[in-house]
Amino acid sequence: MRYRTFAPPDRPLGERLRRLLALPGFPGEAVAFGAIDLACTDDPATAAELHRDFVGKLPVWLDLGALPAKSSAWKGVAKADLVTAPTRGIVDEVRRHNARVALLPDPIEPPPHPTDDDPPLVAPAVGYVGPVDDSWDAAIPIALAEHERQLEIYLGAGARSSAAIVAAERRLPNLHLLPDDRAIWWRRFLAGVFPYRVDRATKFFLPAALLEAWAAGIPAVCAPLPEVVRLGPFAVTAATPEEWVAQVRRLVAEPETAAQIAREAAAFVTREHSAPAVLAALREFLYALCGKT
């Protein structure tokens, strides 16, 4: 199967589609010239243009990492011959416009194991490593450090962008900022904390950092994001500061319970988000789309 990628002139191909195309064993060959069997894009407007140019000639695959920001983009979503999306919520929304949509989770690789060169953490260590933006609630890790002085709260380097975290780190001896955001830190924690705000911006959000923590074999407490809640009992959630304290305290105090939760979470990541699982699903979708076996 020969394919070509198409991106709008003002934006390069997104990271998610590039990662999917780079999966080892991807069932296709990228070509810059000549005949192709498949057109690939992650931009709805580009998908509409490709449909106009290629209708009846070859299929158009549109991968959506997130819902379109503009209502006009749904026309392009409706035109694609195949739409793939990373979460069930996005799939449900797309299905209202295009029935040819399939769930294709983000591929997640387990973090590497620590080495002797990595600096040690003071136990019991819990925390967060990953992107910090407006959807991230700094009040939660600060409250944990204030109310659970026996815990050591570690945050990745991204947390330095929060003035509240920087100020709290100066006055709380058990709140620490790591030197970087490498996923390797997950394996040094007893539990992960994912303090996101629950709002329209996170309605269809399944954090990659949460999946990395699960892949590392640690339990986690997350804000009750809709995409997390629907996953099952291993997706431990907390909404209020009191619930956060109680859930983190339980994971630290009940190692057998925490280990069982971690095993179920890791099994979920392997089942749906491992590179082989994502590749198998993608291969099935694309072969059916292009009429190949």
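Data block above holds the structure.
Since the model is a prediction, treat every value here as computed from it, not as a measurement.

Q: I tried to follow the pattern of salt bridges on my own but got confused; where do I start?
A: Note that side chains of opposite charge can pair when their charged atoms are close. Under the criterion given, the structure shown has 14 salt bridges. Where Arg-16 meets Asp-63, a salt bridge forms, and the shortest distance between an N and an O atom there is 2.7 Å. Within this pair, whereas Arg-16 is found in helix H1 (residues 15-21), its partner Asp-63 is found in strand S4 (residues 60-63), the two being separated by 47 residues in sequence. Here Arg-16 and Asp-63 have matching classes, each one buried.

Q: What should I look at first to understand the sheet that holds strand S11 (residues 220-222) in this one?
A: Strand-to-strand pairing in sheets goes through backbone hydrogen bonds, with the strands running parallel or antiparallel. In space, the 6 strands of this open sheet follow the order S9-S8-S7-S10-S11-S12, with parallel pairing throughout. The outermost strands of the open sheet, each flanked by one partner alone, are strand S9 (175-177) and strand S12 (236-237). Looking at chain direction, strand S8 (residues 152-155) and S9 are connected through 3 bridges and run parallel. Bridging from a neighbouring strand, Tyr-154 pairs with His-176 of S9. The strands that helix H5 (residues 139-147) touches are S8, S9 and strand S10 (191-194); relative to S8, the one it contacts most, it runs at about 160°. Sheet contacts for helix H9 (residues 241-253): strand S7 (125-128), S10, S11 and S12; angle to S11, the most-contacted strand, approximately 170°.

Q: Hey, could you run me through the sheet that holds strand S6 (residues 101-103) in this one?
A: Spatial ordering of the open sheet is given by S2-S1-S3-S4-S5-S6, a layout of 6 strands whose pairing is parallel. Only two strands of the sheet have a single neighbouring strand rather than two, namely strand S2 (29-30) and S6. Two elements, strand S1 (residues 2-5) and strand S3 (residues 38-41), share 3 bridges in a ladder whose sense is parallel. For Tyr-3, the partnering residue across the bridge sits in S3 and is Leu-38.

Q: I would appreciate a short explanation of the pairing of S4 in the present structure.
A: Each regular strand carries side chains that alternate between the two faces of the sheet. Side chains of S4 alternate between two faces, with Val-60 and Leu-62 and Trp-61 and Asp-63 buried alike. Sheet topology note: the S3/S4 ladder contains 3 bridges and is parallel. Each residue of the ladder has a partner; that of Thr-41, found in S4, is Leu-62. Handedness of the crossover is the feature at issue here: the chain leaves S3, passes through helix H2 (residues 44-54), returns alongside S4, and the resulting connection is right-handed. Alignment of S4 against strand S5 (residues 82-85), held across 3 bridges, turns out to be parallel. In the sheet register, Leu-62 faces S5, and the bridge partner there is Val-83. Following the chain from S4 across helix H3 (residues 74-79) to the adjacent parallel S5, one finds a crossover that is right-handed.

Analysis parameters
Residues numbered from 1 in each chain as written. Predicted model: local features only at pLDDT ≥ 70, side-chain atom pairs only at ≥ 80, totals over all residues. Heavy atoms only, no water. Salt bridge = Lys/Arg side-chain N within 4 Å of Asp/Glu carboxyl O. Helix = DSSP H or I, 4+ residues; strand = E, 2+ residues; numbered from the N terminus. Buried < 20%, exposed > 50% of the residue type's maximum accessible area, 1.4 Å probe, protein only. Pairing = 2+ DSSP bridges. Contact = heavy atoms within 4.5 Å. Axes fitted to C-alpha atoms, helices over the stretch in contact; angles between N-to-C directions. Right-handed = clockwise from strand over helix to strand, strands pointing away.

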